[in-house]
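Listed here are the chains, written in short residue letters.
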Amino acid sequence: MRTLSCAWIVVGIVAAVGCQREPGEAGGSGPRAELGTERHDCRPGPAEQACDPGLVCLSQLCVRPPPADCTVVADVFASLDLGNYAEPDERTPVVAKYRTACEKALVSKEQGECVTNAHGREAAIACVPRMFPERATPPVGTTGPADCDAVATKIKNLINAQQATLQNDPRTAKYMAAVIDTMRVACVEDQWPDALKRCMLATSNDNLMNQACTEQMSPELQSKLQARVTTVMQQMTQQLTQTP
């Protein structure tokens, strides 16, 4: 399949979805490996940016560290929120909430041990910041998740307007939904600048090839987005080919 177009992000998504093939079809060998993804080379630069979230760079290879016991992590946060003597009917949903957040954030064993040894709630949160994305303060020039939700909705509407026939295929619709959600997550976690989001929200349905938005996206952001989309496409291909 084609790689994500740096010329225009929306066109890249349509191309990626439209060109998806079953394994074994001509030219369907799958997406090329991307730096920073699991079991591939680390990206150059700061260690915290070398690999995708949840991965660590060891011997120049991105690998997934041993996971934390999310039940233990959840119990710690529930105790910090409620104390040690809360009734089960009060404690159970809080534990479940934190367990889900822990699993979603791919908390590592090392981070989990940091939580259990932390003194106080703020110290525990500092061990696992990805469990608390709402606490992240966007730097100057960026805005919050609400704007990114609007961008994701706009991208969905643009694709639907230009490629309405794709939605008639349930398989393709699943790909599109997954990639659009990946766009939303990238917008939040990679802290897309205001100028980029404003440009994307202002794009008309008949102007998908607008170059102005590309100019607002740095090569680093383009690379990060490409890596995210490639990963989700690989995951979706694996899931859907295993479905009877």
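Residues numbered from 1 in each chain as written. Predicted model: local features only at pLDDT ≥ 70, side-chain atom pairs only at ≥ 80, totals over all residues. Heavy atoms only, no water.

## Quick look at the pattern of salt bridges
Where charged atoms of side chains with opposite charge meet at close range, the side chains can pair. Considering all chains together, one arrives at eight salt bridges under this definition. The residue R228 makes a salt bridge to D190 at a minimum N-O spacing of 3.1 Å. Of this pair, R228 sits in helix α10 (residues 219-242) while D190 is found in the loop between α7 (170-189) and α8 (194-202), placing the two residues 38 residues apart along the sequence. Both residues of the pair, R228 and D190, belong to the buried class. The residue K224 makes a salt bridge to E220 at a minimum N-O spacing of 3.7 Å. Here E220 and K224 lie together in helix α10, a separation of four residues that amounts to about one turn. What makes K224 partly exposed here is its relative accessible area of 21%. (Salt bridge = Lys/Arg side-chain N within 4 Å of Asp/Glu carboxyl O. Helix = DSSP H or I, 4+ residues; strand = E, 2+ residues; numbered from the N terminus. Buried < 20%, exposed > 50% of the residue type's maximum accessible area, 1.4 Å probe, protein only.)

## A closer look at the packing of aromatic side chains
All chains considered together, the criterion is met by three aromatic pairs. Note on Y98 and F132: the rings are 6.2 Å apart at their centroids and 50° apart in plane angle, and the pair reads as tilted. One end of the pair, Y98, is in helix α3 (residues 88-104); the other, F132, is in the loop between α5 (121-127) and α6 (145-162), and 34 residues separate them in sequence. The class for Y98 is buried, based on a relative accessible area of 5%. Judged by its relative accessible area of 6%, F132 falls in the buried class. Linked through ring pairs, F77, Y98 and F132 together constitute an aromatic cluster. Lying over the aromatic face of Y98, K97 brings its terminal NZ or CZ to 4.5 Å of the ring centre. (Phe/Tyr/Trp six-rings, centres within 6.5 Å; stacked < 30°, edge-to-face > 60°. Lys NZ or Arg CZ within 6 Å of the ring centre and 35° of its normal.)

## Details of the packing of helix α2 (residues 70-82) against α3
Contact geometry for α2 and α3: axes closest at 8 Å, N-to-C directions at 130°. Considering their axes alone, α2 and α3 lie oblique with respect to each other. Crossing angle aside, the handedness with which α2 passes α3 is right-handed. Between α2 and α3, the residues in contact are C70, T71, V73, A74, D75, F77, A78, S79, D81 and L82 and E90, R91, V94, V95, Y98, R99, C102 and E103, respectively. Grouping the amino acids of the contact of α2 with α3 by side-chain chemistry returns 10 nonpolar, two polar and six charged. (Axes fitted to C-alpha atoms, helices over the stretch in contact; angles between N-to-C directions. Parallel < 35°, antiparallel > 145°, perpendicular 65-115°, else oblique. Left-handed = near helix turned anticlockwise from the far one by under 90°. Contact = heavy atoms within 4.5 Å. Nonpolar A, V, L, I, M, F, W, Y, C, P; charged D, E, K, R; others polar.)

## Points about the confidence of the model for the chain
Atomic detail in the predicted coordinates should be set aside for any region of low pLDDT. Residues of the chain with pLDDT of at least 70 account for 68%, and the chain-wide mean is 75. The low-confidence segment residues 1-9 (pLDDT under 50) makes 35 contacts with residues lying over four places distant or belonging to another chain. Scored below 50 in pLDDT, residues 14-32 shows 33 contacts in the model against residues more than four places distant or in partner chains. (pLDDT = per-residue confidence, 0-100.)

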